[in-house]
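# Structure assessment
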Amino acid sequence: MEPGALGRWHLARAHYSSRGYTLDLVATLTLSSRASLLKPSPTLSITAKANALKAEGADVVSFAAGEPDFDTPDAIKDAAVRALAAGFTKYTPTSGIKDLKEAIVAKLARENGVSVTPEQVVVSAGAKLSVYEIMQILLDPGDEVLLIAPYWMTYAEQIRLAGGEPVVVQTTGQTGFIPSIDDIREAISSRTKAIIVNSPCNPTGAVFPRDTLEGLAALANRHGFWIVSDEIYERLVYGGIEQVSIASLDRETAERTITVNGCSKTFAMTGWRIGYLAAPTQVAKAVTNLQDQMTSNATSFAQKGAVQALKLDPAEVEKMRSEFEARRDLVAGLLSEIPRVPITVPGGAFYILPDFSAYLGGQVATDLDLAGYLLDEAQVATVPGSVFEAPGHLRLSYAASRTDIQKGVARIREALSKLQ
Ligand code: PMP
Ligand code: GLU
């Protein structure tokens, strides 16, 4: 036994036998209560399951994916390859390389009307990490965060992990999944610390109009809470609809808004893990301190790719955006032909959240059952709405080929007809 070992295993029991002293470990090995709160990401696991079935040769149509099916544009890949070849393979400043932070500042000014300095920007290994870090630095135990449902489930998990409590403001398809300012006002309490706004929204595709965002900002300003604006789907909007960045509304609002964005969706770069936030300096500094102790910088050469992404010829993004718009029209048109399945035509992102409640009952009682039934009976993968606090609904991602959209919706229709 090494010197000091006895002290280390203070929960061990010492035995004396003919072989001398031996130790029995008697401590029960437990995990933290934080770990017991954790749930796996259902969107990632359903996507992985659908991909695994496909790899085994099953003819599965997957509407599960939360990522573009396009390849990353070559100019971006080339920039990363050049950086690698040039030996750009070491630690970078935690909050990101200077040229990327400058490119983000320029992008926010040019495309979003948001004015920040490089010191207000933090680059992270994905926007998911940006949101996590924001929750960690904003919330104390018991603090409340307003979430507009249906919402991306990760927000609720990250709020709870930080000791906070999600307070849900419900929306419905009848109002296009746009929140009512009165409902938000009613949800505010003395513990409200922040609101998370995600427009365009995952999973509904709703794009919040300017007057909704103005009303929401007025509440935040009056009651004194933070606004976290997740704008990751911001470039994917359709039919000429206006996308408004909350931090562009006025100075007072900008001073309480943390804008989150990243390269994953706009540039088909989900695997690169590049997200960023732009925030008041105190927030950016606190996030940088946290990231210093967690991941350090986002991958060096991926950051070089991201610089190129932010300078990409807009025609490249437009190609992907217009293809998504055509698919949105296709999927919305096909779904609207299915009897008793109300849809809300999404203004952005690449998700649609039809209401299948009319088909639930008996063996297929919930949206979770229905997603299972569709996968087993029709080989179509979808994400149950309950995951996003939208029971009775299924989320379909139309980041899928037009052929798959046609085939998949026809199969859903056929499988539903057997349920009647
Ligand atoms: N926000 C929303 C609403 C999302 O759907 C996603 C997708 N994963 C993210 C943030 C995170 O994106 P990433 O971590 O790939 O940058
Ligand atoms: N955000 C995407 C989705 O909702 C990707 C999966 C995830 O990060 O959870 O499907």
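Above this text you will find the structure in question.
Here the residue numbers are simple positions, counted from 1 along each chain's written sequence. For naming, the first written chain is A and the first written ligand is 1, with later ones following in the order written. Under the rules for a predicted model, residues below a pLDDT of 70 receive no local features and side-chain atom pairs below 80 are neither given nor counted, while totals for whole chains, interfaces and linings still include all residues. Hydrogens and waters are ignored; side-chain quantities use all the structure's heavy atoms.

### So, the pairing of strand β10 (residues 275-278)
Note on classification: 1.4 Å probe, protein chains only; a residue is buried when its accessible area is under 20% of the maximum for its type, exposed when over 50%, partly exposed between these limits. Put simply, DSSP marks the helices as runs of H or I at least four residues long and the strands as runs of E at least two long, and each gets a number from the N terminus on. Every second residue of β10 is oriented toward a common face, with G275 and L277 on one face and Y276 and A278 on the other, all of them buried. Two strands form a pair only when DSSP identifies at least two bridges running between them. Sheet topology note: the strand β4 (residues 121-124)/β10 ladder contains four bridges and is antiparallel. In the sheet register, V121 faces β10, and the bridge partner there is A278. Relative to β10, strand β9 (residues 257-262) runs antiparallel, the two being bridged by four bridges.

### A few points about the pairing of strand β5 (residues 144-149)
With six of its six residues buried, β5 lies for the most part within the structure. Pairing of β5 with strand β6 (residues 165-170) involves six bridges; the strand directions are parallel. For E144, the partnering residue across the bridge sits in β6 and is E165. Seen with the strands pointing away from the viewer, any crossover whose path from the first strand over the helix to the second strand runs clockwise is right-handed. A crossover links β5 with its parallel partner β6, the connecting element being helix α7 (residues 154-161), and its sense is right-handed. Relative to strand β7 (residues 192-198), β5 runs parallel, the two sharing four bridges. Each bridged residue has a counterpart across the sheet, and for E144 the counterpart in β7 is T192.

### Thoughts on the site of ligand 2
Taken together, S41, T43, L44, G66, K128, W152, M153, N202, K265, Y351 and R395 make up all the residues around ligand 2. Between N or O atoms, a polar contact is any pair within 3.5 Å; within protein, one atom must be a potential hydrogen donor and the other a potential acceptor, and residues adjacent in sequence are included only when both atoms are from side chains. Between K128 and ligand 2, the recorded distance is 3.0 Å, taken from a side-chain N or O atom to an oxygen atom. To measure how exposed things are, a 1.4 Å probe is used in the Shrake-Rupley method; for residues, cover is taken only from the protein chains shown. For ligand 2, whose accessible area on its own is 290 Å², the fraction buried by protein is 90%. Residues are grouped as follows: Ala, Val, Leu, Ile, Met, Phe, Trp, Tyr, Cys and Pro are nonpolar; Asp, Glu, Lys and Arg are charged; every other residue, Gly included, is polar. In terms of residue class, the shell around ligand 2 is made up of four nonpolar, four polar and three charged. Definition of nearness: a residue and a molecule or strand are near each other if at least one heavy atom of the residue lies within 4 Å of the molecule or strand.

### Observations concerning the layout of surface pockets
Residues are called lining when one of their atoms sits within 4 Å of a cavity or pocket point, these points coming from a 1 Å grid over the protein atoms alone, where a cavity is a set in which a 1.4 Å probe fits but cannot get out and a pocket is an open set with protein on both sides within 12 Å along at least five of seven lines. Grid points are joined across faces, edges and corners, and a volume is the space filled by probe spheres set on the points. In this structure, the largest pocket encloses a volume near 480 Å³. Around the largest pocket, the lining is made up of 26 residues, and of these L44, G66, K128, W152 and K265 lie nearest the centre. The class makeup of the residues in the lining of the largest pocket is 11 nonpolar, nine polar and six charged.

### Brief notes about the nonpolar core
What makes a nonpolar core is a set of buried Ala, Val, Leu, Ile, Met, Phe, Trp, Tyr and Cys residues whose side-chain atoms join them at distances within 4.5 Å. Core analysis: the biggest nonpolar cluster contains 71 residues, and F63, M135 and I412 have the highest contact counts within it. The element that contributes the greatest number of residues to this core is helix α14 (residues 367-378), accounting for six residues. Only heavy atoms matter for contacts: two residues are in contact if any of them lie within 4.5 Å across the pair. Excluding residues that lie within four positions of it along the chain, I412 makes contacts with F63, I338, F356, L374, V380 and L396.

### Digging into the site of ligand 1
Taken together, 13 residues are adjacent to ligand 1, and A127, D230, Y233, S264 and K265 come closest. Contacts to ligand 1 include K128, whose backbone N or O atom sits 3.0 Å from an oxygen atom. Separating an oxygen atom of ligand 1 from a side-chain N or O atom of N202 is a distance of 2.8 Å. Here ligand 1 has 400 Å² of accessible area as a free molecule, and 92% of this is covered by the chains. The site holding ligand 1 turns out to be the largest pocket. In terms of residue class, the shell around ligand 1 is built from five nonpolar, four polar and four charged. Being in a pocket or cavity means that more than half of the molecule's atoms lie within 2 Å of its grid points.

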